[in-house]
Amino acid sequence: MHKLKNRALLALLLVGCLVAALGFYGWFYVRDGGDWVAFASNRHIYKSGSLQTGTITDREGTVLASTDDGKRAYHDDAAVRTALLHLIGDPGGSIGTGAQIKFADRLTGFSHIDGLYHASHSDASLTLTVDAPACAAAYRALGDFAGAAIVYNYQTGEILCSVSTPAFDPANVPDNLRTDSRWDGVYVNRVYQAAYAPGSVMKVITTAAAIEQLPHLFDMRFNCPGSIKVGSTTINCMHTHGEIAVGTALAKSCNVAFAELALTLGGETLKDYCERFGLLESLSIDGIPSAAGRFDAAADGTAALAWSGIGQSTNLVSPINIALVMGAIGGDGETALPRLLMDSAPETRRLMKQETAETLTRMMRYNVTSVYGTDRFPEELREGLCAKSGTAEVDGAEPHAWFAGFVDDEQYPYAFAVIAEHGGAGSETAAGIAAAVLGALVD
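The rules behind the values
- Residues numbered from 1 in each chain as written.
- Predicted model: local features only at pLDDT ≥ 70, side-chain atom pairs only at ≥ 80, totals over all residues.
- Heavy atoms only, no water.
- Helix = DSSP H or I, 4+ residues; strand = E, 2+ residues; numbered from the N terminus.
- Buried < 20%, exposed > 50% of the residue type's maximum accessible area, 1.4 Å probe, protein only.
- Contact = heavy atoms within 4.5 Å.
- Areas by Shrake-Rupley, 256 points an atom, 1.4 Å probe, with all protein chains shown as cover.
- pLDDT = per-residue confidence, 0-100.
- Salt bridge = Lys/Arg side-chain N within 4 Å of Asp/Glu carboxyl O.
- Pairing = 2+ DSSP bridges.
- Disulfide = S-S within 2.5 Å.
- Patch = residues over 30% accessible without salt bridge, like charges linked within 9 Å, V, L, I, M, F, W, Y side chains within 5 Å.
- Lys, Arg positive; Asp, Glu negative; His and termini not counted.
- Charge placed at Lys NZ, Arg CZ, Asp CG, Glu CD.
- Polar contact = N/O pair within 3.5 Å; in protein donor to acceptor, adjacent residues only side chain to side chain.
- Expected span 1.5 Å × (residues − 1).
- Axes fitted to C-alpha atoms, helices over the stretch in contact; angles between N-to-C directions.
- Phe/Tyr/Trp six-rings, centres within 6.5 Å; stacked < 30°, edge-to-face > 60°.
- Lys NZ or Arg CZ within 6 Å of the ring centre and 35° of its normal.
- Parallel < 35°, antiparallel > 145°, perpendicular 65-115°, else oblique.
- Left-handed = near helix turned anticlockwise from the far one by under 90°.
- Nonpolar A, V, L, I, M, F, W, Y, C, P; charged D, E, K, R; others polar.

*Asks:* Is there a simple way to think about the overall build of the protein in this case?
*Replies:* Check the secondary structure of the protein and you find 14 helices and 19 strands. In the protein, buried positions account for 54% of the 443 residues. Residue pairs at least 24 apart in sequence account for 64% of intrachain contacts in the protein once pairs closer than 6 positions are excluded. Working note: accessible area of the protein is about 19400 Å², and carbon and sulfur atoms make up 51% of it.

Structure follows, in structure tokens:
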């Protein structure tokens, strides 16, 4: 009788272990089943590294990628295909930010009840927030420049344009991708994954810090004789501005004035504002991470500190993080976080005080009307366009061209950032690219 009791207890223990194991498996299956199905070695849904199932459309329902007779098919227009390469993904699966990789579980049509059987009987679909014609316009405007263009709606977070170059046509993959220097970094999505010196776009952040930390900022005057000496280092300005107030200094991008502001504010204050504005963090765009920025708080009184307030030194920022700051200024200090999926839930974040954002809006509007000019931009946006250009110096090469800003308009709540590597003056090259993209969005 004692032996029978022991055997019964052992059987109950084994049954308990089996139930626990099934419970653990069920929990992992519910949590990770989609990832298991979307694993790149699953030959049922992948071919040569490319997902062969699911349909991806833009915000207007235009099909960007689908499956045709068991093969992956893309949009008919080569410019659209190329412009959206980094958003959709390449046939070899090398672009990690592509929807075919990041959202593969959804594109399989996986069901926890039917498994992949469900995918073979329905067209699993994914709708992106982007506007395909605007992306094509950005690609054409970037031309031969490596770089990035991002536009998002700062009220809803919807990314309307996201283009990285260089890019290739996924329907006609070049044979020399790994041997020709023209394709250097082609698998990197520069909108999210690259970080650059911000150049004079950084002066917007320095201005924000000065607005909040220096009570008499707008009574201050700076003397620009064309350069300023900090220690043994001479910091040159592009022009000789003479006596200048902060608003004109921002519009004319006076290095002398902003070197003095940086020296007054200090490195820790500038770093604190970069952190507050999200420039140093990795954002998550529906699970796609952006590159974290960098700001080294230089010692007081040093040339490195002066340069950092101008946007040089060791500063690094990602284009989408710069766009986020622009959206917050346009949204009176608060912005929706950028998102790529139409059905993802909007999230908002406050980055700065409303009063600070309103002051920056007036100053950046003055930049456009007094320096950049409104005629080059779409007529519908001219009254509300606010921006700052940047020309980021690069050792031994042409500088990178930046243009970032927003539209202060309820009908067109757009925030944007454009960078053209080695593009020269931001107010020329990058501003022209931004104008082309914005024009396509309001057309």
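*Asks:* What exactly am I supposed to notice about the confidence of the model for the protein here?
*Replies:* Close reading of the predicted structure is inappropriate where its pLDDT is low. Per-residue confidence for the protein gives a mean pLDDT of 86, with 84% of residues at or over 70. This model gives residues 27-44 a pLDDT under 50, and the stretch forms 25 contacts once residues within four places in sequence are excluded. Of the regions scoring below 50 in pLDDT, residues 116-122 engages in 10 contacts with residues more than four places distant in sequence or in other chains.

*Asks:* Just checking my understanding: could you explain the pattern of salt bridges for this structure?
*Replies:* A pair can form between side chains of opposite charge whenever their charged atoms are brought close. Counted by the stated rule, this structure contains 11 salt bridges. The residue Arg-339 makes a salt bridge to Glu-158 at a minimum N-O spacing of 3.5 Å. You can see Arg-339 sitting in the loop between strand E15 (334-336) and strand E16 (348-350) and its partner Glu-158 sitting in the loop between strand E7 (147-153) and strand E8 (159-165), a full 181 residues away along the chain. Across the pair, exposure class does not vary: Arg-339 and Glu-158 are buried alike. Linked through salt bridges whose partners overlap, the residues forming this network are Arg-59, Glu-158 and Arg-339.

*Asks:* Looking at this model, I keep getting lost on the pairing of E8. Mind explaining?
*Replies:* Put simply, side chains in a regular strand alternate between the two faces of the sheet. Counted residue by residue, E8 has 7 buried out of 7 residues, so it is predominantly covered. As judged from the 6 bridges shared by E7 and E8, these two strands associate in the antiparallel manner. Each residue of the ladder has a partner; that of Ala-148, found in E8, is Ser-164. Counted along the chain from E7 to the antiparallel partner E8, the turn is 5 residues long, and its residue Gly-157 has a positive phi close to 85°.

*Asks:* Quick question: what am I supposed to make of the pairing of strand E10 (residues 227-230) here?
*Replies:* A one-sided burial pattern is seen for E10, the buried positions being Ile-228 and Val-230 and the unburied ones Ser-227 and Lys-229. With 4 bridges joining them, E10 and strand E11 (residues 233-236) adopt antiparallel strand pairing. Each residue of the ladder has a partner; that of Ser-227, found in E11, is Asn-236.

*Asks:* Just to check I follow, could you spell out the state of the cysteines for this structure?
*Replies:* Note: disulfide means a covalent bond formed between the sulfur atoms of two cysteine side chains. Taken as a whole and judged by the stated rule, the model has 0 disulfides. Cys-161 supplies the cysteine sulfur nearest to Cys-135, a cysteine that is in no disulfide, at a spacing of 4.3 Å. Here Cys-237 is not disulfide-linked; the sulfur of Cys-224 is the nearest cysteine sulfur, at 4.0 Å.

*Asks:* How should a negative patch on the surface be read in this particular structure?
*Replies:* On the surface, a cluster of negative charge is contributed by Asp-332, Glu-355, Glu-358, Asp-408 and Glu-410. By secondary structure assignment, the location of Glu-410 is in the loop between strand E18 (397-407) and strand E19 (414-420). Classification of Glu-410 as exposed rests on a relative accessible area of 65%.

*Asks:* Looking at this structure, I do not really get the side chain of Asp-180. What am I missing?
*Replies:* Mapped onto the elements of the fold, Asp-180 is located in the loop between E8 and helix H7 (202-213). There is a polar contact of 2.8 Å between the side chain of Asp-180 and the side chain of Arg-182.

*Asks:* Whenever I open this one, helix H12 (residues 319-330) confuses me. Can you help?
*Replies:* At 3.6 residues per turn, the α-helix brings residues three or four places apart onto the same side. Here H12 spans 17 Å end to end across 12 residues, near enough to the 16 Å set by a 1.5 Å rise per residue. Counted residue by residue, H12 has 12 buried out of 12 residues, so it is predominantly covered. Of the residues making up H12, those classed as buried are Pro-319, Ile-320, Asn-321, Ile-322, Ala-323, Leu-324, Val-325, Met-326, Gly-327, Ala-328, Ile-329 and Gly-330. Just past H12, the residue Asp-332 takes up positive phi, approximately 60°.

*Asks:* Looking at this structure, how should I read unusual backbone geometry?
*Replies:* A negative phi angle characterises most non-glycine residues, just as the trans form characterises most peptide bonds. A cis amide bond, omega 5°, links Thr-165 with the succeeding residue Pro-166. Secondary-structure assignment places Pro-166 in the loop between E8 and H7. For Ser-313, which is not a glycine, the phi torsion comes out positive at approximately 55°. In this structure, Ser-313 sits in the loop between helix H11 (303-310) and H12.

*Asks:* Sorry if this is basic, but what is going on with the sheet that holds E8 here?
*Replies:* Pairing is antiparallel across the open sheet formed by 5 strands, whose spatial order is E8-E7-E19-E18-E17. Two strands lie at the open edges of the sheet, namely E8 and strand E17 (385-394), each paired on one side alone. The average undirected angle you get between the axes of adjacent strands in this sheet is 5°. In the packing of H12 onto the sheet, contacts are made with E7, E8, E18 and E19, and the angle to E19 comes to roughly 150°. In this fold helix H14 (residues 426-442) packs onto E7, E8, E17, E18 and E19, with an angle of close to 135° to the strand it touches most, E19.

*Asks:* Can you help me understand the packing of aromatic side chains in this one?
*Replies:* Pairs of aromatic rings are described using the distance from one ring centre to the other and the angle between the two planes. Applying the stated criterion across every chain, the model contains 8 aromatic pairs. A centroid spacing of 5.3 Å and a plane angle of 75° characterise the contact between Tyr-372 and Phe-403, whose relative ring orientation is edge-to-face. In this pair, Tyr-372 is assigned in helix H13 (residues 354-372) and Phe-403 in strand E18, connecting sequence segments 31 residues apart. Tyr-372 gets classed as buried once you look at its relative accessible area, which sits at 6%. An aromatic cluster of three or more residues is present, and its members are Tyr-372, Phe-377, Phe-403 and Phe-416. When the ring centre of Tyr-273 is taken as reference, the NZ or CZ atom of Arg-276 above it lies at 4.2 Å.

*Asks:* Can you help me understand the packing of H7 against helix H9 (residues 255-265) in this one?
*Replies:* To describe two helices that pack against each other, one gives the angle between their axes and the distance between the axes. One way to put it is that H7 packs onto H9 with a least axis distance of 10 Å and a crossing angle of 50°. Between H7 and H9, the angle is such that the two are oblique. For the pair H7 and H9, the crossing hand works out as left-handed. Residue-level inspection shows Lys-203, Thr-206, Thr-207, Ala-209, Ala-210 and Gln-213 of H7 in contact with H9, the latter providing Asn-255, Phe-258, Leu-261 and Leu-265. Residue composition of the contact of H7 with H9, grouped by class: 5 nonpolar, 4 polar and 1 charged.

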